[in-house]
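# Tertiary structure, described
Okay, here's what each chain looks like letter by letter:
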Amino acid sequence: MPPRRASALLLMLPLLLQLSASRAPRARALQRSSPRRASALVRMVFDAPAAEELRDARASPAAPGADDAGELERFFFDRVEVFAKASPGGAGALSSVMGRPAGGNGGNGGAVWIECDASLNTLTHLQGARFVSGRGADANARASGAFGKDAVLRVPPNCVVAARDRNETLGTLSTHGERMCVLVGGLGGKGNGESGRPDRCTPPGGASSAWLSVQMTLVADVGLVGLPNAGKSTLLRAVSKARPKVADYPFTTLIPNLGVCEGERYGLEPGAFSMVWLDIPGLVEGAAAGKGLGLAFLRHTERCRVLLHLVDGESSHPDAELLTINRELALYSPQLAATPQAVVLTKADLPHVADGLDLKLGALAAAAGHGRVMAVSAADGSNVRELLVRTRAMLDREQRRQAAQSNAG
Ligand SMILES: Nc1nc2c(ncn2[C@@H]2O[C@H](COP(=O)(O)OP(=O)(O)OP(=O)(O)O)[C@@H](O)[C@H]2O)c(=O)[nH]1
Ligand SMILES: [Mg+2]
């Protein structure tokens, strides 16, 4: 499907959903909604430009220029649907002590809360999840029942939460620790101790449930930069469900690709490595002055906390190429130059790349001025697990540093 038509369809999606929801009988809205599988795919909505325009730009030596960057804004959305249920209250008790009504009250059912957690950056932990709070305990002859435990759904910052079947936005959570109650549990039934009438208990409140839709704008944690053909898209395919085109000619990638890493592919703990990686078109010498395709996309990389600088293992001068791209990053923005970087020599499965690997890595470390240098092969997966572990550690360090900085400020 042409990208423009796909983007138009995606933009119409909320309208279509609203139309179908408005036809549904009101009674069906919250309680009787049928389960639907949460989408595991990251959706991307492109507003401009069309891929053909970028293909034309590829042929031109100085395009697109800095002035075009505003038009190239992109939005990346991730969305899941989760089932949530707040449980009923417990029953009140009928009893008497020395002839006086003394039955305790039932406990309230737990509520369902949504809480913003800044350590999260994707919705993968919510896929297929159900959130059910604890039921309020029944009272006994002498004591009231305990309250049910609340269910808490943790989401990353900038999430919009909606009641799916009513197509109604419930709210947006933006800052760490912010909370929103989306379903309240049933009240506990009153025992006869409260009413004062020996035969009088009030019934407990019932459960309430809803399918919640959670949508966030994805912000990439890790940017993949490097010359064309370095193997950026191949690596993204190896670690995520993203399916960018891969080919043995430069500028295969024309638009950015986003993928959520799946560490479990490499025997790592599921969910713990769900970083968002961004693959941008290859950068070339002169990129900061508008040459090639990369300039318009460097702005997205600027928001990444960590960069993986991919260097083609087949290159005869990997250290010189590393310096060339780093120079362009610095010319583009001092912030980008200061972003923590690891250097990844690609295609290590090829015998001529593996030959003299230590020397090549040593030269790269000397050029980079740090030891965060390693060789990987996205083709046979060697060292990719190690790369994920190291990248996660770098990201965690950077998150802690940024949190400490914002606390101090
Ligand atoms: N043998 C081998 N080939 C690889 C590996 N990674 C990438 N390649 C090959 O290198 C070529 C370029 O790979 P891409 O992933 O398209 O490179 P890229 O950096 O995304 O290139 P651009 O999109 O043009 O910037 C393709 O032919 C890939 O098959 C690897 O680990 N081993
Ligand atoms: Mg590519």
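Quick note: structure is the one above.
It should be emphasised that the depicted structure is a prediction, and the values quoted were computed from it without experimental measurement.

On to the nonpolar core, then. In terms of nonpolar packing, the biggest core is built from 51 residues, with Val222, Leu224, Val239, Trp277, Leu278, Val311 and Val344 touching the most fellow members. Top element by residues in this core is strand S15 (residues 306-311). It accounts for five residues. The contacts of Trp277, once residues within four sequence positions are left out, are Ala220, Val222, Leu224, Leu236, Val239, Ser240, Gly259 and Cys261. Core analysis: the next-biggest nonpolar cluster, separate from the first, contains 26 residues, Leu153, Cys159, Val161 and Leu173 among them.

Below, the discussion takes up the site of ligand 1. Gly231, Ser233, Asp248, Thr253 and Gly282 are the nearest of the 24 residues found near ligand 1. The greatest single-element share of the shell around ligand 1, amounting to three residues, is contributed by helix H4 (residues 232-239). Broken down by class, the residue content of the shell around ligand 1 amounts to 10 nonpolar, 10 polar and four charged.

To continue, consider the pairing of strand S14 (residues 276-279). Of the two faces of S14, the one carrying Val276 and Leu278 and the one carrying Trp277 and Asp279 are both buried. In the sheet, strand S12 (residues 222-226) pairs with S14 via three bridges, with the strands oriented parallel. Bridge pairing in S14 places Val222 opposite Trp277.

With that settled, consider the sheet that holds strand S17 (residues 373-375). One open sheet accounts for six strands, arranged S13-S14-S12-S15-S16-S17; its pairing is mixed. Bordering the open sheet on either side are strand S13 (257-260) and S17, each of which pairs with just one other strand. For this sheet the average axis-to-axis angle between neighbouring strands, irrespective of direction, equals 25°. Relative to S15, S12 runs parallel, the two sharing five bridges.

How each quantity is defined
- Residues numbered from 1 in each chain as written.
- Chains lettered and ligands numbered in written order.
- Predicted model: local features only at pLDDT ≥ 70, side-chain atom pairs only at ≥ 80, totals over all residues.
- Core = buried A, V, L, I, M, F, W, Y, C linked by C-beta atoms within 7 Å.
- Buried ≥ 20, exposed ≤ 12 C-beta atoms within 10 Å, placed from the backbone.
- Helix = DSSP H or I, 4+ residues; strand = E, 2+ residues; numbered from the N terminus.
- Contact = placed C-beta atoms within 7 Å.
- Near = placed C-beta within 6 Å.
- Nonpolar A, V, L, I, M, F, W, Y, C, P; charged D, E, K, R; others polar.
- Pairing = 2+ DSSP bridges.
- Axes fitted to C-alpha atoms, helices over the stretch in contact; angles between N-to-C directions.

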